[in-house]
Amino acid sequence: MALTALDIYKLLPKTNCKECGFPTCLAFAMRMAAGKATVDLCPHASGEAKATLGAAASPPLPKVLIGAGEREVVLGDETVLFRHEKTFCHPSAVAISVRDDLPDADFAARIEAIRGLAFERVGQRISVDLVALRCVSGDAGKYARRAGAAFEATGLPLVLLAPAGPLAAAADAVGASRPLLSPPPEDLEAGARLAAARKLPLRVRARGMGGLAPALATAREAGAASLVADPAPECAREAVADATTLRRLAILARNRDLAYPSAFDLGNGFPDPFLAAALLIAKYGSLLVMDTADPADLLPLLTLRQNLFTDPQRPIQVEPGIYPIGAPGESSPVLITTNFSLTYFTVRGDVEAARTPALLLISDCDGMSVLTAWAAGKFTGESIARQLAECGIADRVAHRTLILPGMVARLSGRIEELSKWRVLVGPQESSALPSYLRRLTAAAFAPSRG
Ligand code: SF4
C-alpha cells in the first residue's frame, strides 16, 4: 500500500532542520506522500528510512525495456488504473509472429509483410512494434540465423519464443539488440539464467496468478531482474481478468511479487484473437503477440491504441494557421475549423476528396473539436473575426466568403457583423463537404475587394 504522510513522518528524524528545503519534517512528509519529493533530499534520514521510503517511491509497475535505440519498446511503468487520473504512458506493444521453419521465400515475404504494418493517422505514424519468432523447427542454428535475418530486415526488437537450446543460440546471435527471451514453462530456469547472464528481459509464462507467483519467484532466484508476466489464459475473458488482476495488484496493493508488465500470446489458435487484443489494449495488456499480419486487422487495433494512449489533458493538435489544399487561387473557397488533430485531418481529407482547391483556416482552440471549443468559448464570433483580420487570409483571396462548420451555424451573424465577411453555413458533418463544395458555384467566391 502507498505510505501516508503520517507513515512517512514517523520514519523521518523530526528535527525540523529545514535542510531539505521544507520548513518542517511534516511538510516534507506531506510532499513525499504527494509524490512531489524524494527521501534523498533529507541528509539525515536513517538507512532504514531510505530503504523503506525509496522502495515506496519506486514505480508500482516496473519498467521493462525491449530492444534499443529508436525502436526500443517500453513496457509497464504505469502509475494509474484509469486514464483520466493522469495518463497511460506506454502503449500496449504489438508483436507479429513468424515461424522459423518457413521456406526462405515465405519467411522473407512474411517479414516484408510485417515491415509494411505502419500507417499514417492524424499526422502520426502508427505501427507494430516487435517481431515474435516462433521456434517450430527445433534447430538451434536455423533459429539463430532466422533471428538475425528478422532483426536485420525489420530493425524491430524481437520476442524469442523458443526452448532453451535455440534461445541460447539466438541470444548469441542477436543479444545485443536486447530481445525478450520467452522460454516455455518447462525451460523457465534455464531461460532465467540466460536472461540473468546477458541482462536481458524475460517473459515468465505460467497459468493464472497461482502459477505465476512461484514461476516469477523462480526467475528472480535465478537472477533475472527484468520480468514480464504471462498468465497463459485460454480465452479473452480470462485474459482481461488476469491483466486487470495484475494491474490492480501493482497499482493498488503495491504487490512486488506479481507487479510486472503483462504479456499475452494471442496466436497459436487462441480463440477470438482480435477481440482479445482490442480488450487487452483497453485493459492493461502490456505486450500482445499476434499471428495475423493483415493490415485490415492491425489498423483498427493500432487506431484504438492511438486513441487510448494519449494524454486526456493534452489533445493532439495541429498548428493554427492557413493550410492550402491543392493549388488554391484567389477565388478558392475558404473554410474554417479548429486545431484538434482529428478534426483537422478529417476535414482536410474530405476537402481533398472534393478535388476543389481550397484554403483551410485552423483556429487555435487548445486542441478542442468544434462543438467543444464553442462550448468552452474558444471558437466564437469574436475569435473567428479576429483571425480573419489578423491571419493574412484577406491577401490570399479576392473574395470575402467564409465556410463555417454547420455545427456552429449560430456564429454566422456575429462573424458577419464583426468581420464584414459573408458566411456560408457548411454541412453539419465533415463527410458531406465533398458534395457541398462541388455544389457551390464560382459565383459564391466572386471578387469583392477593391
Ligand atoms: Fe526533517 Fe530531514 Fe527536512 Fe531536516 S532535512 S527538516 S530532518 S526532513
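Refer to the structure printed above.
Everything in this summary refers to the structure shown in the same document.

Cut-offs applied
- In every chain, residue numbers begin from 1 and rise along the written sequence.
- The predicted origin of the model limits local features to residues at a pLDDT of at least 70 and limits the giving and counting of side-chain atom pairs to 80 or more, whereas totals for whole chains, interfaces and linings rest on all residues.
- Heavy atoms throughout the structure, all of them, feed into the side-chain values; hydrogens and water do not.
- Definition of nearness: a residue and a molecule or strand are near each other if at least one heavy atom of the residue lies within 4 Å of the molecule or strand.
- Each residue gets one of three labels, nonpolar for Ala, Val, Leu, Ile, Met, Phe, Trp, Tyr, Cys and Pro, charged for Asp, Glu, Lys and Arg, and polar for the others, Gly among them.
- Here an angle of 0 to 180 degrees is reported between the N-to-C directions of two axes, which are lines fitted to C-alpha atoms, with helices fitted over the stretch in contact.
- Strands are runs of DSSP state E lasting at least 2 residues, helices are runs of H or I lasting at least 4, and numbering of each runs from the N terminus.
- Each crossing is labelled by how the near helix is turned from the far one, with a counterclockwise turn of less than a right angle marking it left-handed and a clockwise turn marking it right-handed.
- The contact rule is simple, with two residues in contact once any of their heavy atoms fall within 4.5 Å.
- Ring geometry is summarised as follows: Phe, Tyr and Trp rings, the Trp one being its six-membered ring, pair when their centres sit within 6.5 Å, and such pairs are stacked at plane angles under 30 degrees, edge-to-face over 60 and tilted between the two.
- By definition here, charges over rings are those cases where NZ of Lys or CZ of Arg is within 6 Å of the ring centre and within 35 degrees of the ring normal.
- The span expected for a helix works out to 1.5 Å for each residue beyond the first.
- Three labels apply to residues, based on accessible area from a 1.4 Å probe with only protein chains included: buried if under 20% of the type maximum, exposed if over 50%, partly exposed otherwise in between.
- As used in this structure description, the phrase polar contact means that two N or O atoms lie within 3.5 Å; if the pair is within protein, one of them must be able to donate a hydrogen and the other to accept it, and residues adjacent in sequence are counted only when both atoms belong to side chains.
- A cavity, in this analysis, means grid points on a 1 Å lattice covering only the protein atoms where a 1.4 Å probe fits yet has no way out; a pocket is instead an open set bounded by protein on both sides within 12 Å along at least five of seven lines, and a residue lines either one if it has an atom within 4 Å of a point.
- Grid points are joined across faces, edges and corners, and a volume is the space filled by probe spheres set on the points.
- Two strands qualify as a pair provided DSSP detects at least 2 bridges between them.

1. Considering the site of the ligand
Point 1. Contacts to the ligand come from Pro13, Thr15, Asn16, Cys17, Lys18, Glu19, Cys20, Cys25, Phe28, Cys42 and Pro43.
Point 2. Residue composition of the shell around the ligand, by class: seven nonpolar, two polar and two charged.

2. Considerations on the packing of helix α5 (residues 140-154) against helix α6 (residues 164-174)
Point 1. Where α5 contacts α6, the two axes come as close as 8 Å, and the packing angle between them is 40°. The interaxial crossing formed by α5 with α6 has right-handed handedness. Two secondary-structure elements touch here, α5 through Ala140, Tyr143, Ala144, Ala147 and Gly148 and α6 through Gly165, Pro166, Ala169, Ala170, Ala173 and Val174.
Point 2. A class-by-class count of the residues in the contact of α5 with α6 yields nine nonpolar, two polar and no charged.

3. Focus: the packing of aromatic side chains
Point 1. In total, this model carries four aromatic pairs according to the counting rule given.
Point 2. Aromatic side chains Tyr344 and Phe345 sit 4.8 Å apart centroid to centroid with 80° between the ring planes, which places their arrangement in the edge-to-face category.
Point 3. Each member of the aromatic cluster is reached from another via a ring pair, and the members are Tyr323, Tyr344 and Phe345.
Point 4. For the cation-ring pair, Arg146 lies above Phe107, with the distance from its terminal atom to the ring centre recorded as 4.2 Å.

4. Side note on helix α11 (residues 295-308)
Point 1. Taking 1.5 Å per residue, 14 residues should reach 20 Å; α11 reaches 20 Å between its end C-alpha atoms and fits that length.
Point 2. Among all positions of α11, only Leu298, Leu301, Leu302, Thr303, Arg305 and Gln306 are buried.
Point 3. Those residues of α11 that are buried lie in contact with β3 (93-99), β4 (118-121), β5 (124-127), α10 (273-282) and β12 (287-290).
Point 4. Where α11 begins, the side chain of Asp294 points an oxygen toward the backbone nitrogen of Ala296, at a separation of 2.8 Å.

5. Quick look at the layout of surface pockets
Point 1. Approximately 400 Å³ is the volume found for the second largest pocket.
Point 2. Thr343, Val347, Val370, Gln428 and Ser430 are, among the 22 residues lining the second largest pocket, the residues nearest its centre.
Point 3. Of all the secondary-structure elements, those providing two or more residues to the lining of the second largest pocket are β14 (334-338), α12 (341-354), α13 (370-375) and β16 (401-404).
Point 4. For the lining of the second largest pocket, the leading source of residues is α12, giving four residues.
Point 5. Its residues assigned to classes, the lining of the second largest pocket shows 13 nonpolar, eight polar and one charged.

6. Concerning the environment of Gly67
Point 1. Looking at the secondary structure, you find Gly67 in the loop between β1 (63-66) and β2 (73-76).
Point 2. For Gly67, a relative accessible area of 1% translates into the label buried.
Point 3. For the pair Gly67 and Leu212, spaced 145 residues apart in the sequence, the C-alpha separation amounts to 24 Å.
Point 4. Contact partners of Gly67, with chain neighbours within four places excluded, come to Glu72, Pro157, Ser177 and Arg178.

7. Looking at the sheet that holds strand β13 (residues 321-325)
Point 1. With respect to topology, five strands assemble into an open sheet ordered β13-β15-β14-β16-β17, the strand pairing being mixed. At either margin of the open sheet sits one strand with a lone partner, and together these are β13 and β17 (422-425). On average, each strand axis in the sheet is inclined to that of its neighbour by 30°, with strand direction left out of account.
Point 2. Those strands touched by α12 are β13, β14 and β15 (358-363), and its axis lies near 30° from that of β13.

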